[in-house]
Amino acid sequence: MGRPMTIVSTAKGSLNSSLHNYAYTLTPSYAYSDSGAVYVKYEKGFFSPSPNSLLKRNGRSYTTTNLKKEEHHTIEAGIKDFFGDFLSLSLSAFYTLTTNEFYTIGNAHSLGGVSYNNYDFTQRAGLEVFSQQFFFNDRLHFSESFTYIDARILEDNGSKTNRTIPYTSNYKITLGASLALGRHWNLWTQHSFFGTQKDIVGTKIPAYSLSDLGVEAKYGGFSLSAGMRNVFNTFYYSYYNSDRSDPIAGYGFLIGVGRTLFVQGRYSF
């Protein structure tokens, strides 16, 4: 039998610290008709470092990360309305400014190690449109959504920049449909299109689309769903790093989940 591998810990600093913060949301709205309303939303939120991110690894050596707590401020405005008996529509625009946004280089399997860091300032600006249509006494439903996001790093490690935030799709489109089959059965499908992304050094990650198909049965508080995800077995990356010289993560990628079957049950009471 071989000897077990010994990992030397050289962690420095204290892991005993307390972080205090608060979050709140304000959403004034005005109903201009029986079915329509406009609103404005302001949200202040935060994330604290997880226990896993309090240490970074360089080879076999560990040191404390001293991550700062992340805070974000979001302003959103939108309108929602229902037209006739068959069409609902909502439109919103938003802007988020984040200080000390978390990001990770490498992972638990990276030979060079794993590092957790903060961007000084990041921003996300975008819009979202969502619509539903109802036909044949609500037996047939269609839904569509479109989201566009411009996500940028404004300042990193004290330097001004205008880089795209890695691993953020610039758009997402979803198309869905459902058909009621009797009182208890429902057939549904959803198609999602994800826009291009960029990896940690700015290399473009191609856009891709996923299609799901399933059937659902409901009896009182019990529901049972079964179907197939990624019906067309689309090849895509869930993670990609093109930088072969990266001393921490190095060149690597993770392939997205292929075609899978699922069964899911739920009971509500």
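Refer to the preceding data block for the structure.
Here goes a summary of the coordinates provided.

Digging into the nonpolar core
For step 1, the next point in the chain: Grouped together as the largest cluster of nonpolar side chains are six residues: Tyr103, Ile105, Tyr119, Ala151, Ile153 and Ile165.
For step 2, the next point in the chain: At the level of elements, strand 7 (87-106) and strand 9 (140-156) are the ones that each hand at least two residues to this core.

Some points on the side chain of Thr96
For step 1, the next point in the chain: Locating Thr96 in the fold gives a position in strand 7.
For step 2, the next point in the chain: Take Thr96: its relative accessible area is 12%, and that puts it in the buried class.
For step 3, the next point in the chain: Among the polar contacts listed, one links the side chain of Thr96 to the side chain of Thr74, at a separation of 2.8 Å.

Notes on the pattern of salt bridges
Side chains that carry opposite charge are capable of pairing whenever their charged atoms lie near each other.
For step 1, the next point in the chain: Taken as a whole, this structure holds six salt bridges when the rule is applied.
For step 2, the next point in the chain: Residues Arg124 and Glu101 are paired through a salt bridge, measuring 2.9 Å at the closest nitrogen-oxygen approach. Of this pair, Arg124 sits in strand 8 (residues 113-135) while Glu101 sits in strand 7, placing them 23 residues apart in sequence.
For step 3, the next point in the chain: We classify Arg124 as partly exposed; its relative accessible area is 22%.
For step 4, the next point in the chain: What makes Glu101 buried here is its relative accessible area of 9%.
For step 5, the next point in the chain: Close ionic contact of Arg229 with Asp212 constitutes a salt bridge, the shortest N to O distance being 3.8 Å. With Arg229 in strand 16 (residues 222-229) and Asp212 in strand 15 (residues 208-219), this pair connects stretches of sequence that are 17 residues apart.
For step 6, the next point in the chain: Asp212 sits in the buried class, given a relative accessible area of 15%.

Digging into the environment of Tyr95
For step 1, the next point in the chain: Along the chain, Tyr95 falls in strand 7.
For step 2, the next point in the chain: For Tyr95, a relative accessible area of 31% translates into the label partly exposed.
For step 3, the next point in the chain: Those residues in contact with Tyr95 that sit more than four places away from it in its chain are His73, Thr74, Ile75, Gln123, Arg124 and Ala125.

Digging into the packing of aromatic side chains
For step 1, the next point in the chain: For the structure shown, the criterion picks out 12 aromatic pairs.
For step 2, the next point in the chain: Judged by centre distance (4.0 Å) and plane angle (15 degrees), the rings of Tyr103 and Tyr119 are stacked. Of the two residues, Tyr103 is situated in strand 7 and Tyr119 in strand 8; the sequence distance between them amounts to 16 residues. The residues Tyr103 and Tyr119 share a single accessibility class, namely buried.
For step 3, the next point in the chain: A ring pair is formed by Phe235 and Tyr237, whose centres lie 5.3 Å apart and whose planes are at 80 degrees; its orientation type is edge-to-face.
For step 4, the next point in the chain: Under the relative-accessibility criterion, Phe235 is labelled exposed at 51%.

Conventions used here
- Residues numbered from 1 in each chain as written.
- Predicted model: local features only at pLDDT ≥ 70, side-chain atom pairs only at ≥ 80, totals over all residues.
- Heavy atoms only, no water.
- Core = buried A, V, L, I, M, F, W, Y, C linked by side-chain atoms within 4.5 Å.
- Buried < 20%, exposed > 50% of the residue type's maximum accessible area, 1.4 Å probe, protein only.
- Helix = DSSP H or I, 4+ residues; strand = E, 2+ residues; numbered from the N terminus.
- Polar contact = N/O pair within 3.5 Å; in protein donor to acceptor, adjacent residues only side chain to side chain.
- Salt bridge = Lys/Arg side-chain N within 4 Å of Asp/Glu carboxyl O.
- Contact = heavy atoms within 4.5 Å.
- Phe/Tyr/Trp six-rings, centres within 6.5 Å; stacked < 30°, edge-to-face > 60°.

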